[in-house]
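The lines below spell out each chain.
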There are 2 protein chains.
Amino acid sequence: MSDKILMTPGPTMVPKEVLDVCHLQPYHHRTPEFYELFSCLNSNLKKIFKTNMDVLTLTSSGTGGMEAVVANLFKKGDKVLVASIGHFGERFYDITKAYGLDSDIIDFGWGNAVDLNKLEDALKKNEYKALIVTQNETSTGVTNDIKAIADVAKRHDVPVIVDAVSSLGGIPLEMDEWGLDAVVTCSQKCLMSPPGLSFVALSERAWQMAEESDLPKYYFDLKKARRGVQKEKPDNPYTPAVSTIMAVKKATDMLLNIGMDTVYKNQHLIGEKVRKTIKDIGLKLFPDESISSDLLTAVEVPEGYKAGDIINYMSERGILITGGQAHLKGKIIRIGHMGYITDEMLDLTFDALKNALSDLS
Amino acid sequence: MSDKILMTPGPTMVPKEVLDVCHLQPYHHRTPEFYELFSCLNSNLKKIFKTNMDVLTLTSSGTGGMEAVVANLFKKGDKVLVASIGHFGERFYDITKAYGLDSDIIDFGWGNAVDLNKLEDALKKNEYKALIVTQNETSTGVTNDIKAIADVAKRHDVPVIVDAVSSLGGIPLEMDEWGLDAVVTCSQKCLMSPPGLSFVALSERAWQMAEESDLPKYYFDLKKARRGVQKEKPDNPYTPAVSTIMAVKKATDMLLNIGMDTVYKNQHLIGEKVRKTIKDIGLKLFPDESISSDLLTAVEVPEGYKAGDIINYMSERGILITGGQAHLKGKIIRIGHMGYITDEMLDLTFDALKNALSDLS
């Protein structure tokens, strides 16, 4: 069995308190124990999404949650704009195309954030049914300014769909206050739980769009999921991943006990510490520091080194980091530091990285 | 936390050895540890599906696996026939309608099995692209004779899709030998694991149908999943429910160590024991005994009793059984006995049921 420390874009480390919950016999999903559990989870998630709307739980990875938003909000041929800054922006675009939307993608370049002026120009050119954007792009270690992006979209009355898969619960996101229309996240990133669940919340405006949608859906029918959570004894239309629900309930209790503002502050301090250490070691951050993520740091592979060698060296010493995706393969290494991260985990990572650079030189 | 014994249609009890695996830190899904795990799981699943084809792992409930089959095999407007004997037959029909298929349903009645003559008549009347049928209908406690049904379909050259969600790994199913074209199951029934995964296998003929399919899919794209399992380092297109994969790997190791023929025999003995006890108590089996499931026993609620009272009485004593669905609500109680079932669990269930009948009379 693996005893590696996961400094990856996710799945991230699961704290012992949460793993202990996974050790329990899962509840049956039509029992008072489950209704109580699910009711608490739903309430916790609303506090983390910062919304008064229902947060829906789907048994799927984050990609399933992204697809659920597309399948429920649109009609075939709808024009949507995907503002992409990397791999996961492109994935959301691919999903819209798979469902027959007439979607456009603006590619701001891997390593950049969304440029608000260019975005505004694009929104002027066409009448889009929605803007889709990634909050934290794990392929490049860049965080978008979702509040500013939502303000631009608001001026053009365009609903905003946010892929917060790797960010929700780690960096600020205010669904209602920022006027976001759909937010998607999952269990295995900042929510410190095993993979297997995605979570989706929709605004009133998005629910109205859902009334018009003609795309096929059954398992990911969000109206059915909403009827479930709105019951006096809230449940899911189909047998959910109960153990993972038990895990996320526990993990979100832990986050809310710390307090979200403190969680965000801690996560920011971790991001700063990683960036400072990377620079102190003499390495170069891949994106500009002003847009660098507090959740994941992408680092250029220095001259004379191979990304794979560094990753393998660290892996053999129990620290799992990842390399670049697509055209960034071999060019960057990515150190995830979202969710459950301790000083010890950071120190072991820094030591292993320093040793890799000195031993592999 | 719940310490109830789940004598339900699923989730079923998870053995301690499997729960112990869920207690471990989940692997990262792009590591040698995971490739090794997933490779072993895939091999185990092929032995339980009795197929040489790939078995694909989806992070979803069983319903997601059913939807994946529909979305991948058909074109809009395709004519398919659903042979329904209860709630889950109707669900599969609903999925086909949600995807715009021109599907017909023959309802053989809740409590009956598929009538082979009537099925043959229906297959004569229309040219169907596929026949969809449930192996074990948990809403009624009836098991269909899938081999005989597949033989009828073969005479009309109609591909057969089997919902084996509650049956695979508990009663015989020979995917290749019986000539089945799609088989779906999930983690939380006979495979003795927490909910969160579905498994799908397709025949060569079904993969050819998938080439023609024009229905939208992304997350449930089975071709993508197949490319994953066929890699030298097998993986999933999206982050899978790793903990649950670890659990099912362990649980299927346990089943295969016992040997599938022995597992089937044990499951049959359990079914016989439950049916005999029910009759000895003076209760009446809901379906005819010749078609009664070895995995779940549906029992008529005797005169003078309320289903809810019996269920609550037993629940308060730590034994969870369920009532009827839809129009059978209040008319039957359902005792699940699939997957991990011990003599002690059965004895406690029988005692609680007997006490319920005597105390509530």
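For clarity, every value in this text was computed on a predicted model and none was experimentally measured. (Residues numbered from 1 in each chain as written. Chains lettered and ligands numbered in written order. Predicted model: local features only at pLDDT ≥ 70, side-chain atom pairs only at ≥ 80, totals over all residues. Heavy atoms only, no water.)

### So, the packing of helix α9 (residues 242-258) of chain A against helix α10 (residues 260-281) of chain A
All names here are of chain A. Following both chains from N to C, one finds α9 and α10 inclined at 90°, their axes separated by 5 Å at the closest point. One finds that α9 runs roughly perpendicular with respect to α10. Here α9 contributes L255, L256 and I258 to the contact with α10, which in turn contributes M260, T262, V263 and N266. Looking at the contact of α9 with α10 residue by residue, the classes come out as 5 nonpolar, 2 polar and no charged. (Axes fitted to C-alpha atoms, helices over the stretch in contact; angles between N-to-C directions. Helix = DSSP H or I, 4+ residues; strand = E, 2+ residues; numbered from the N terminus. Parallel < 35°, antiparallel > 145°, perpendicular 65-115°, else oblique. Contact = heavy atoms within 4.5 Å. Nonpolar A, V, L, I, M, F, W, Y, C, P; charged D, E, K, R; others polar.)

### Examining the nonpolar core
Among the nonpolar cores identified, the biggest contains 198 residues, and F74(A), L119(A), L180(A), F74(B), L119(B) and L180(B) are the most heavily contacted of them. Once you skip the residues sitting within four places of it in the chain, L180(B) turns out to touch I146(B), A150(B), V160(B), V162(B), L173(B), E174(B), M175(B) and S203(B). V299(A), I310(A), L320(A) and L357(A) belong to the second largest nonpolar core, which has 30 residues in total. (Core = buried A, V, L, I, M, F, W, Y, C linked by side-chain atoms within 4.5 Å. Buried < 20%, exposed > 50% of the residue type's maximum accessible area, 1.4 Å probe, protein only.)

### Topic: the packing of aromatic side chains
Enumeration over the complete set of coordinates arrives at 11 aromatic pairs over all chains. Through pairs of rings, three or more aromatic residues link up here, namely Y218(A), Y219(A), F220(A), Y238(A), Y218(B), Y219(B), F220(B) and Y238(B). Stacked on the ring of Y313(A), the Lys or Arg R317(A) has its end atom at 3.5 Å from the ring centre. Lying across the ring of Y218(B), K224(B) places its NZ or CZ 3.5 Å from the centre. (Phe/Tyr/Trp six-rings, centres within 6.5 Å; stacked < 30°, edge-to-face > 60°. Lys NZ or Arg CZ within 6 Å of the ring centre and 35° of its normal.)

### Focus on the sheet that holds strand β13 (residues 322-323) of chain B
Residue and element names in this part refer to chain B. With antiparallel pairing, the 3 strands of this open sheet are ordered in space as β11-β14-β13. Each end of this open sheet is capped by a strand with a single partner; those strands are β11 (296-300) and β13. Across 5 bridges, β11 lies against strand β14 (residues 332-336) in antiparallel orientation. Across the sheet, residue E300 finds its bridge partner in β14, namely I332. (Pairing = 2+ DSSP bridges.)

### Things to note about the UniProt feature "domain: Aminotransferase class V" (unreviewed entry) in chain A
Mapped onto this numbering, the UniProt entry annotates "domain: Aminotransferase class V" (unreviewed entry) at residues 8-328 of chain A. Structurally, residues 8-328 of chain A is divided into 42% helix and 14% strand, and its ends, taken at the C-alpha atoms, are 16 Å apart. (UniProt positions renumbered as here; feature names shortened; annotations may be inferred.)

### Quick word on the UniProt feature "binding site: substrate" (unreviewed entry) in chain A
Residue and element names in this part refer to chain A. Taking the numbering used here, the UniProt-annotated feature "binding site: substrate" (unreviewed entry) corresponds to R334. Each residue touching R334, except ones within four places of it in the same chain, is listed here: M7, P9, T138, S139, L296, T297, A298, I321, T322, G323, G324 and Q325. Within the local environment of R334, its side chain forms a polar contact with the backbone oxygen of T138, the two atoms lying 2.7 Å apart. (Polar contact = N/O pair within 3.5 Å; in protein donor to acceptor, adjacent residues only side chain to side chain.)

### Topic: the interface of chain B and chain A
How big an interface is tends to be stated in terms of the accessible area lost upon association of its parts. The partner chain A presents 52 residues to the 52 residues of chain B that form the contact. Together, the buried faces of chain B and chain A total about 4400 Å²; carbon and sulfur atoms form 65% of this surface. Of all residues in chain B, the largest losses of buried area upon contact with chain A belong to H23(B), Q25(B) and Y218(B), amounting jointly to 16% of the total for that side. Put simply, chain B and chain A have 2 salt bridges between them. In this structure, E33(A) and K4(B) form a salt bridge, with 2.6 Å as the shortest nitrogen-oxygen distance. Our count for the contact surface shared by chain B and chain A stands at 14 residue pairs in polar contact (both at pLDDT 80 or more). Mapped by element, the contributors of at least two residues to the side of chain B that touches chain A are α1 (16-22), α3 (62-73), α4 (87-98) and α9 (242-258) of chain B. Considering every element that reaches the side of chain B that touches chain A, the biggest residue donor is α4(B), with 4 residues. (Buried area = accessible area lost by both parts, 1.4 Å probe. Salt bridge = Lys/Arg side-chain N within 4 Å of Asp/Glu carboxyl O.)

### A closer look at the layout of surface pockets
Taken as a whole, the second largest pocket spans an internal volume of roughly 1300 Å³. Lining the second largest pocket are 48 residues, with H28(A), R30(A), Y35(A), T322(B) and R334(B) positioned closest to its centre. When contributions to the lining of the second largest pocket are tallied by element, the ones reaching two or more residues are α2 (32-49) and α8 (222-230) of chain A together with α3, α4, α11 (307-316) and β13 of chain B. Taken together, the residues that form the lining of the second largest pocket break down as 14 nonpolar, 21 polar and 13 charged. (1 Å grid on protein atoms, 1.4 Å probe; cavity = no way out; pocket = protein on both sides within 12 Å on 5 of 7 lines; lining within 4 Å. Points joined across faces, edges and corners; volume = space filled by probe spheres on them.)

### Quick word on the sheet that holds strand β8 (residues 160-163) of chain B
Residues and elements named next belong to chain B. Spatially, 7 strands are ordered β2-β10-β9-β8-β5-β3-β4 in an open sheet, and the strand pairing comes out mixed. What marks the edges here is a single partner per strand, and that holds for β2 (55-58) and β4 (104-107). Going from strand to strand, the sheet's axes swing by 20° on average, the running direction of each strand aside. Sheet topology note: the β2/strand β10 (residues 198-202) ladder contains 4 bridges and is antiparallel.

### Comments concerning the relation of the copies chain B and chain A
When chain B is fitted onto chain A, the two copies agree to an RMSD of 0.0 Å after a turn of 180° and an axial shift of 0.0 Å. Here the two chains are linked by the operation of a two-fold rotation axis. A shared interface surface links the copies, since 100% of the contact residues of chain B are contact residues in chain A too. (Least-squares fit on C-alpha atoms with pLDDT ≥ 70 in both.)

### Brief notes about the pairing of β4(B)
Strand residues, when the strand is regular, have side chains that alternate between the two faces of the sheet. Residue and element names in this part refer to chain B. Where strand β3 (residues 80-84) meets β4, 4 bridges bridge the pair, whose relative direction is parallel. Pairing of V82 across the sheet is with I105, part of β4. Read from β3 through α4 to β4, the crossover connection turns out right-handed. (Right-handed = clockwise from strand over helix to strand, strands pointing away.)

### Observations concerning helix α5 (residues 116-125) of chain A
All names here are of chain A. For α5, the set of buried residues is L119, E120, A122 and L123. Mapping the buried residues of α5 onto a view down its axis gives an arc of 160°, with all of them on the same face. Opposite the buried face of α5, at more than 90 degrees from it, the exposed residues are N117, K118, K124 and K125. Tucked inside the fold, the buried residues of α5 contact β3 (80-84), β4 (104-107), β5 (130-134) and α6 (146-155). The opening residue of α5 is D115, an N-cap whose side-chain oxygen sits 2.9 Å from the backbone nitrogen of N117. (Arc of directions from axis to C-beta.)

### Details of helix α8 (residues 222-230) of chain B
Residues and elements named next belong to chain B. For α8, the full list of buried residues reads L222, K224, A225, G228 and V229. Each buried residue of α8 sits inside an arc of 155° when the element is viewed along its axis, so together they form one side. Opposite the packed face of α8, turned more than 90 degrees from it, sit the exposed residues R227 and Q230. Against α2 (32-49), β2, α3, β10 and α7 (204-212) lie the buried residues of α8. Between the side-chain oxygen at the start of α8 and the backbone nitrogen of K223 there is a gap of 3.0 Å, and the oxygen is on D221.

### Observations concerning the environment of K273(A)
Residue and element names in this part refer to chain A. Among the secondary structure elements, K273 is positioned in helix α10. Taking relative accessible area as the criterion, K273 reaches 31% and is therefore assigned partly exposed. Placed 72 residues apart in sequence, K273 and A201 show a C-alpha to C-alpha distance of 32 Å. K273 has contacts with D343, L346, D347 and F350, leaving out every residue within four places of it along the chain.

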